[in-house]
Amino acid sequence: MTHGFDKDYWERHWQRGRDGGPGSMGGNPPNPYLARELGGLGPGTALDAGCGGGAEAIWLASHGWEVTAADISSEALARAAERAAANGVASGVRERVRWVEADLGVWSPDTRFDLVMTHYAHPAMPQLEFYDRIAGWVAPGGTLLIVGHLHTTGSGGHGHHGHRRHGHGHHPPAEASVTSAAVAARLDGTEWEIVTAEEHVRTLSGGGREVPLYDVVVRATRRG
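Conventions used here
Residues numbered from 1 in each chain as written. Predicted model: local features only at pLDDT ≥ 70, side-chain atom pairs only at ≥ 80, totals over all residues. Heavy atoms only, no water. Helix = DSSP H or I, 4+ residues; strand = E, 2+ residues; numbered from the N terminus. Polar contact = N/O pair within 3.5 Å; in protein donor to acceptor, adjacent residues only side chain to side chain. Contact = heavy atoms within 4.5 Å. Core = buried A, V, L, I, M, F, W, Y, C linked by side-chain atoms within 4.5 Å. Buried < 20%, exposed > 50% of the residue type's maximum accessible area, 1.4 Å probe, protein only. Expected span 1.5 Å × (residues − 1).

If you look the chain up in an unreviewed UniProt entry, it shows as Class I SAM-dependent methyltransferase from Microbispora triticiradicis.

1. A short note on the side chain of Asp 215
Relative to the elements of secondary structure, Asp 215 occurs in strand E8 (residues 209-222). Reaching out from Asp 215, the side chain makes a polar contact with the side chain of Tyr 33 at a distance of 2.8 Å. A distance of 2.8 Å separates a polar atom in the side chain of Asp 215 from a polar atom in the side chain of Arg 202. With residues up to four places along the chain from it excluded, the contact list for Asp 215 reads Tyr 33, Tyr 120, Gly 148, Leu 150, Glu 198, Glu 199, His 200 and Arg 202.

2. As for the nonpolar core
Soluble globular proteins: nonpolar side chains tend toward being buried together. Counting 25 residues, the largest nonpolar core has Val 116, Phe 130, Tyr 131, Ile 134, Leu 144, Leu 187 and Trp 192 as the members making the most contacts within it. Looking at this core, the elements that each hand over two or more residues are strand E1 (45-49), strand E4 (113-119), helix H6 (127-135), strand E5 (138-150) and E8. Setting aside chain neighbours within four positions, we find Tyr 131 in contact with Thr 118, Ile 146, Gly 148, Val 178 and Val 183.

3. Description of unusual backbone geometry
Even without being a glycine, Tyr 120 presents a positive backbone phi close to 65°. Looking at the element boundaries, Tyr 120 is found in the loop between E4 and H6.

4. Quick look at helix H4 (residues 74-86)
Under the 1.5 Å per step criterion, the end-to-end length of H4 is 18 Å for 13 residues, consistent within 8% with the ideal 18 Å. For H4, the set of buried residues is Glu 75, Ala 76, Leu 77, Arg 79, Ala 80, Arg 83 and Ala 84. The backbone nitrogen of Glu 75 has a side-chain oxygen 3.2 Å away, supplied by the residue at the start of H4, namely Ser 73.

5. Observations regarding the environment of Ala 78
Within the secondary structure layout, Ala 78 lies in helix H4. Put simply, Ala 78 and Gly 53 are 25 residues apart on the chain and 8.2 Å apart in space, counted from C-alpha to C-alpha.

This is the structure in structure tokens:
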């Protein structure tokens, strides 16, 4: 089945995504790769492309980053704001996050960022082309962090990869999944230094269930 991943799709998805189960949107802690990959960086300006429920954007702001958090879904952004309030985010941190409703396939920021990151975002445009697009928003010397669904050979989009955070059960469609090699190959070695290009399996637990997650993690630094 081909998914459109347009605004209507995501609005419907977030409106019905309040079940609170493992991997449900808006309830997860910040992605564990975030601290591992970015913990050693000094804060600067950041763009969270497809911020969803806001956990990663809030984490960055709490560590001193000035964050632009963009998502196509107004419902997702409302959840993110609710989460910030429910978590008792200090006013200073709240002021460091700017929530932006935007279709990242056509929207462009008016500046480049020290960090551009995306976690499991699925646009209407082809997945690798989306990564090409957001990579262009990284400032010289800045960092690109991509966390996505792993595409497994022979799965046909119905194999052993998944993440319920964005509503695909254990089986995100093939067009929403990639490999680390495919992502890294898009980054020209004359412009980028690949720091991390890995594939991992981890598990989310909750509500008496465990959800296996098959992830791609790519971090790269734009050469100055």
